[in-house]
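A structural walkthrough
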Amino acid sequence: MKKYSIYIMLASALILGSCSDFLDRDPLSQASENTFWQTEADAEKGINALYPLLPGERDFWRDCESDNSLMTNSWGESGLGYICQGIHNAATGYLKEEWTYGDIYRILYYLDKLNGMTIDETKKQRFEGEARFILALKYYRMTRHFGDIPLIKEKPIELENAALPRSSKQEVLDYALENVTKAIEYLPDSYSGANTGRINKAAALTLKADMYLDMASYKKFHNNQDAADLWKEAADAAQKVIDMNMYDLEEDFAYIFKSEANNNNKEVILAKQYLEDEITHMLPILCSPAGTGITGQGWASFCPTRQLVDSYEMTNGESIYESKEYDMNNPWENRDARLKKTFFLPGYECLRPNGKYEPYMPHPAFNNPERINNEGGGITGYMYLKYNDQTLAKPANSWTNFSLYRYAEVLLIQAEALNEYDPGNAKIATNMNKVRARAGLPSVDKLLGNQEQMREKIRGERRHEFVAEHKRYFDILRWKTAEKVLNETGYGIHKDEKAAIGDYTQEKFLGQNRTFDSSKHYLWPIPQNARDNNPNLTQNPNW
């Protein structure tokens, strides 16, 4: 399939240095003022250069910040794996990845230049809407990590040179919402042809719903305050996406995470775009254990935990701990269909370099390349099928798009918001049932009106639907449950290779110990290098 957006190809060139040269220049540079920012084509090249700033496959890695997954070498990637273990500090290099003021500068520089251009007004507004979406997303994400942060508005200023103090989290979010509102106004419902895959109105509405859901959660679960107005804003924004009648769930959950689905499905609202042989990622190698796939390459860089795997429901809606249908010898049967579509599970018939499909057997007793704690074996005995194409001849060069917002999230945002302020609303069950039906799970009609039980069901649904999409970490922060789930050890398969593979009573392999200090870990520390460069930046509590 060659139906890829033209902006990908332009962005690819920009990454190699063309238009990004203009964006990186001093905004007062006379050369850039006189030779660029003149035509509609210049404005389009400029906005294309901002698309690489969207989150991408790196968010798969970031699921390791939550209780879903463990990073095999936690020190790698400048300490990404330290987050869930609670051993990060202000000097941890990874924190700088989320302190994105260089990106803020680039976006504001673009908006400043665009404002002074005389081009077709419809196009100009569309370009502005795209840029303001990215700006809002950047600020929103930084507040989720750091809380109060410096706020730079409209005019590009380098943070270090400005020496700005921190603004309140809410002030930053208010500005982000102003940008989202403009994006909703300016962006088209959809695109066609070469522009397919660009940021559209539904993406902006979903971001708005996401932001209000987050704000409502903090107000209710952290501050113990009524948040009905915020829950309603989230539900209403989600409803506007639903009312567009442009999206639906794909029948096959696994299909969404394959390259064939790139800009060719009815569920993904916005995705980071990739292009075969041009803009690629290496998730298939990172997701796979050694000795699997047609190349046998696999680094097992991050591993799902036993707790995550065991949390998937039986098809009767019960947990494995209470269901009489659970068979410890065949633990993957009669379970939530997403389980076998998301993970490499012990016994899974996987493709091998010899061209045959043979069982994945990670227990050390079997002495296979994929064995736990071997090079490329990981640390839990579980790996990922999501975003993992075992048939790739070049697994380090996958071009599967990475989803940022899907229609399933719109449905679950609305269900969660309604359950918090209008727990008898029939849409809660309707939305939940739609998502669960694809997974082969029963309806939740009987829970309607029982706010607490429905809340737990919705939270479980989000966990299983969005594994490795970097939703879980932010969820456990906003729900204030991180202090519980991240103080539990992450486990793997059990040690006795002769016991039934699904016997949860057996002693398990230790994956990693985890710690979460509720007095400080709900926020990250302000990176030390940022404070060194800006003496007006204060530090977060207890860091």
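The residue numbering used here restarts from 1 in each chain and proceeds along that chain's sequence as written. Local features are withheld for residues below a pLDDT of 70 in this predicted model, meaning they are given only at 70 or higher, and side-chain atom pairs are given and counted only at 80 or more; totals for whole chains, interfaces and linings count all residues. Hydrogens and water molecules were not included; the side-chain quantities draw on all heavy atoms of the structure.

**A closer look at the overall build of the protein**
Operational definition: To qualify as a helix, a DSSP run of H or I must reach at least 4 residues; to qualify as a strand, a run of E must reach at least 2; elements of each kind are numbered from the N terminus. It is over C-alpha atoms that the radius of gyration is taken, and the globule rule equals 2.2 Å times the number of residues to the power 0.38. Buried residues are those whose accessible area, probed at 1.4 Å on protein chains only, stays under 20% of the maximum for their type, while exposed residues exceed 50% and partly exposed ones sit between those limits. Residues count as neighbours in contact if any of their non-hydrogen atoms are within 4.5 Å of one another.
Helix and strand counts for the protein come out as 22 helices and ten strands. Computed over its C-alpha atoms, the radius of gyration of the protein comes to 23 Å, within 12% of the 24 Å expected for a compact globule of 543 residues. Principal-axis analysis of the C-alpha atoms places the extent of the protein at approximately 75 × 55 × 50 Å. Within the protein, buried positions represent 60% of all 543 residues. Summarising the internal contacts of the protein: among those between residues at least 6 apart in sequence, 70% fall at separations of at least 24.

**Describing the environment of F343**
Along the chain, the position of F343 falls in strand β4 (residues 343-344). Measuring from C-alpha to C-alpha, the distance between F343 and P55 comes to 23 Å, with 288 residues separating the pair along the chain. Apart from the residues within four sequence positions on either side, F343 is in contact with P304, L308, V309, Y312, M383, Y384, L385 and V467.

**Side note on the layout of surface pockets**
The test is simple: Cavity: a set of points on a 1 Å grid over the protein atoms alone where a 1.4 Å probe fits but cannot get out. Pocket: an open set with protein on both sides within 12 Å along at least five of seven lines, its lining residues, like those of a cavity, having an atom within 4 Å of a point. Grid points are joined across faces, edges and corners, and a volume is the space filled by probe spheres set on the points. When residue character is reported, Ala, Val, Leu, Ile, Met, Phe, Trp, Tyr, Cys and Pro are called nonpolar, Asp, Glu, Lys and Arg charged, and the others, Gly included, polar.
When its volume is computed, the largest pocket comes out at roughly 640 Å³. Surrounding the largest pocket, 23 residues form its lining, S311, E456, G460, R463 and H464 being those nearest its centre. Those elements that provide at least two residues to the lining of the largest pocket are α15 (306-310), α19 (451-465) and α21 (482-485). The dominant element in the lining of the largest pocket, judged by the number of residues it contributes, is α19, at six residues. Looking at the lining of the largest pocket, its residues break down into three nonpolar, seven polar and 13 charged.

**Quick look at unusual backbone geometry**
Despite not being glycine, A300 has its phi angle at roughly 50°, a positive value. Relative to the assigned elements, A300 resides in the loop between α14 (283-287) and β3 (302-304). With a phi angle near 65°, A468 is a residue other than glycine that sits in the positive phi range. The topology assignment puts A468 in the loop between α19 and α20 (472-478). Among the residues examined, A468 registers a relative accessible area of 0% and is labelled buried.

**Quick look at the pairing of strand β2 (residues 268-272)**
The line we're drawing: Note on pairing: DSSP must find at least two bridges between two strands before they are called paired.
β2 sits mainly inside the fold: five of its five residues count as buried. Here β2 runs beside strand β8 (residues 402-406); their pairing, made up of four bridges, is antiparallel. Across the sheet, the residue bridging to K272 is F402, located in β8.

**Points about the packing of helix α18 (residues 426-438) against α19**
Short version of the rule: Whenever a helix is involved, its axis is fitted only over the stretch in contact; in every case the axis is a line through C-alpha atoms, and angles between N-to-C directions fall within 0 to 180 degrees. Left-handed is the label given to a crossing in which the near helix is rotated counterclockwise from the far helix by less than a right angle, and right-handed is the label when the rotation is clockwise.
Contact geometry for α18 and α19: axes closest at 11 Å, N-to-C directions at 35°. Crossing handedness for the pair α18 and α19: left-handed. Side by side, α18 and α19 meet where I428, M432, V435, R436 and R438 of the first sit next to M454, K457, I458, E461 and E465 of the second. For the contact of α18 with α19, a count of residues per class yields five nonpolar, no polar and five charged.

**Overview of the pattern of salt bridges**
The criterion, for reference: Any Lys or Arg side-chain nitrogen located within 4 Å of an Asp or Glu carboxyl oxygen qualifies as a salt bridge.
According to the stated counting rule, one finds 50 salt bridges in the structure shown. Residue R198 pairs with E130 through a salt bridge whose shortest N-O separation is 2.8 Å. Linking R198 in the loop between α11 (169-186) and α12 (201-222) with E130 in helix α9 (residues 121-146), this pair joins segments that are 68 residues apart in sequence. With relative accessibility at 1%, the residue R198 sits in the buried group. What makes E130 buried here is its relative accessible area of 0%.

**Thoughts on the packing of aromatic side chains**
The way to describe two aromatic rings as a pair is by their centre distance and the angle between their planes. As a reminder of what qualifies: Centres within 6.5 Å make a pair out of two Phe, Tyr or Trp rings, where for Trp the six-membered ring is used; the pair is then stacked when the planes are under 30 degrees apart, edge-to-face when over 60, and tilted otherwise.
Scanning all chains against the criterion turns up 27 aromatic pairs. Arranged with centres 5.1 Å apart and planes meeting at 65°, the rings of F257 and Y387 form a pair that is edge-to-face. Of this pair, F257 sits in the loop between α13 (228-243) and β2 while Y387 sits in the loop between β7 (383-384) and β8, and the two are 130 residues apart along the sequence. As far as the burial class goes, F257 and Y387 line up, both buried. With centroids separated by 6.5 Å and ring planes inclined at 45°, the aromatic side chains of Y473 and W524 adopt a geometry described as tilted. Here Y473 is found in helix α20, whereas its partner W524 is found in the loop between β10 (508-512) and α22 (528-533), with 51 residues between them in sequence. Pairwise contacts between aromatic rings join F60, W61, F253, F257, F302, Y312, F343, Y384, Y387 and F402 into one cluster.

**Regarding empty space enclosed by the protein**
Gaps between atoms show up when a probe of the same size as a water molecule is rolled over them. Applying the stated criterion across every chain yields a total of four cavities of 30 Å³ or more. If you add up the space inside the largest cavity, you get close to 220 Å³. Lining the largest cavity are 17 residues; nearest its centre among them are R141, R144, D210, Y405 and K471. Put simply, the parts of the chain that give the lining of the largest cavity at least two residues each are α9, β8 and α20. A total of four residues in the lining of the largest cavity trace back to one element, the largest contributor, which is α9. Here the residues of the lining of the largest cavity are counted per class, giving six nonpolar, two polar and nine charged.

**So, the nonpolar core**
In a soluble, globular protein the nonpolar side chains are often hidden away together inside. Rules: Grouping buried Ala, Val, Leu, Ile, Met, Phe, Trp, Tyr and Cys residues that are joined through side-chain atoms within 4.5 Å yields what is termed a nonpolar core.
Membership of the largest hydrophobic core comes to 153 residues, with the highest contact counts inside it found for F133 and Y139. For this core, the element with the most residues is α12, which contributes 13 residues. For F133, the residues in contact, after removing those within four places along its chain, are L54, A183, I199, A203, A204, L207, L270 and Y405.

All quantities given are derived from atomic positions and should not be read as evidence of function.
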